[in-house]
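Geometric and topological summary
Each chain, written out:
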Amino acid sequence: MALQPGEEKEVCFTLQPSQMAFLDEDMRWKIEKGEFQVQIGSSSEDIRLQDSFTVTENAYLAGKTRVFYALGEIK
């Protein structure tokens, strides 16, 4: 969806826990607790919005259930 100059839309997206997973030293998919930043911009040098969220506990996932794309909605 393209926006006209000056037009604004609200975009909502949902991250799945498996999108935070990485392979640990035992080759298991792990999600580590901690605070994570989400940044939006036209480039890494032009961040226009940012927020953060907290993962409250470590977890392990089955690799076959991983999700790679966030679900988004334009309002």
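The structure this text deals with has already been given above.
Everything quoted here is computed from the prediction, not taken from an experiment.

Definitions and limits used
- Residues numbered from 1 in each chain as written.
- Predicted model: local features only at pLDDT ≥ 70, side-chain atom pairs only at ≥ 80, totals over all residues.
- Heavy atoms only, no water.
- Helix = DSSP H or I, 4+ residues; strand = E, 2+ residues; numbered from the N terminus.
- Polar contact = N/O pair within 3.5 Å; in protein donor to acceptor, adjacent residues only side chain to side chain.
- Contact = heavy atoms within 4.5 Å.
- Pairing = 2+ DSSP bridges.
- Buried < 20%, exposed > 50% of the residue type's maximum accessible area, 1.4 Å probe, protein only.
- Patch = residues over 30% accessible without salt bridge, like charges linked within 9 Å, V, L, I, M, F, W, Y side chains within 5 Å.
- Areas by Shrake-Rupley, 256 points an atom, 1.4 Å probe, with all protein chains shown as cover.
- Salt bridge = Lys/Arg side-chain N within 4 Å of Asp/Glu carboxyl O.
- Phe/Tyr/Trp six-rings, centres within 6.5 Å; stacked < 30°, edge-to-face > 60°.
- Lys NZ or Arg CZ within 6 Å of the ring centre and 35° of its normal.

**Section: the side chain of Asp 24**
- Tracing the backbone through its elements, the reader meets Asp 24 in the loop between strand S2 (22-23) and strand S3 (29-31).
- Within the structure, the side chain of Asp 24 is placed 2.9 Å from the backbone nitrogen of Arg 28, a separation counted as a polar contact.
- When near neighbours in sequence (up to four residues on either side) are disregarded, Asp 24 contacts Lys 30 and Tyr 60.

**Looking at the sheet that holds S3**
- In spatial order, the strands read S2-S3-S6; together these three strands make up an open sheet with antiparallel pairing. Strand pairing shows two members of the sheet lacking a second neighbour, S2 and strand S6 (59-61), which therefore form its edges.
- With three bridges connecting them, S3 and S6 associate as antiparallel partners. Along S6, the bridge assignment pairs Ile 31 with Ala 59.

**Brief notes about the side chain of Ser 18**
- By the element assignment, Ser 18 lies in the loop between strand S1 (11-14) and S2.
- Take Ser 18: its relative accessible area is 5%, and that puts it in the buried class.
- With residues up to four places along the chain from it excluded, the contact list for Ser 18 reads Ile 31, Leu 61, Thr 65, Arg 66 and Val 67.

**Quick word on a nonpolar patch on the surface**
- Together, Val 11, Phe 13, Leu 15, Ile 40, Leu 49 and Ile 74 make up an exposed nonpolar region whose accessible area comes to about 540 Å².
- Relative to the assigned elements, Leu 15 resides in the loop between S1 and S2.
- For Leu 15, a relative accessible area of 34% corresponds to the partly exposed category.

**Re the packing of aromatic side chains**
- Enumeration according to the criterion identifies one aromatic pair in this entry.
- Over the aromatic face of Tyr 60 sits the side chain of Arg 28, whose NZ or CZ is 4.0 Å from the ring centroid.

**Some remarks on the pairing of strand S4 (residues 34-43)**
- In this structure, S4 lies alongside strand S5 (residues 46-55), joined through nine bridges in antiparallel fashion. Bridging from a neighbouring strand, Phe 36 pairs with Phe 53 of S5.
- Between S4 and the antiparallel strand that follows it, S5, lie two residues.

**Examining the pattern of salt bridges**
- Scanning the model with the defined rule gives four salt bridges in all.
- For Asp 24, the salt bridge is made with Arg 28, and the minimal N-O distance between the two is 3.4 Å.
- Judged by its relative accessible area of 6%, Asp 24 falls in the buried class.
- The exposure class of Arg 28 is partly exposed, given its relative accessible area of 39%.
- The partner of Glu 32 in a salt bridge is Lys 30, with the nearest N and O atoms 3.8 Å apart.
- Looking at Glu 32, the relative accessible area reads 37%, which means it is partly exposed.

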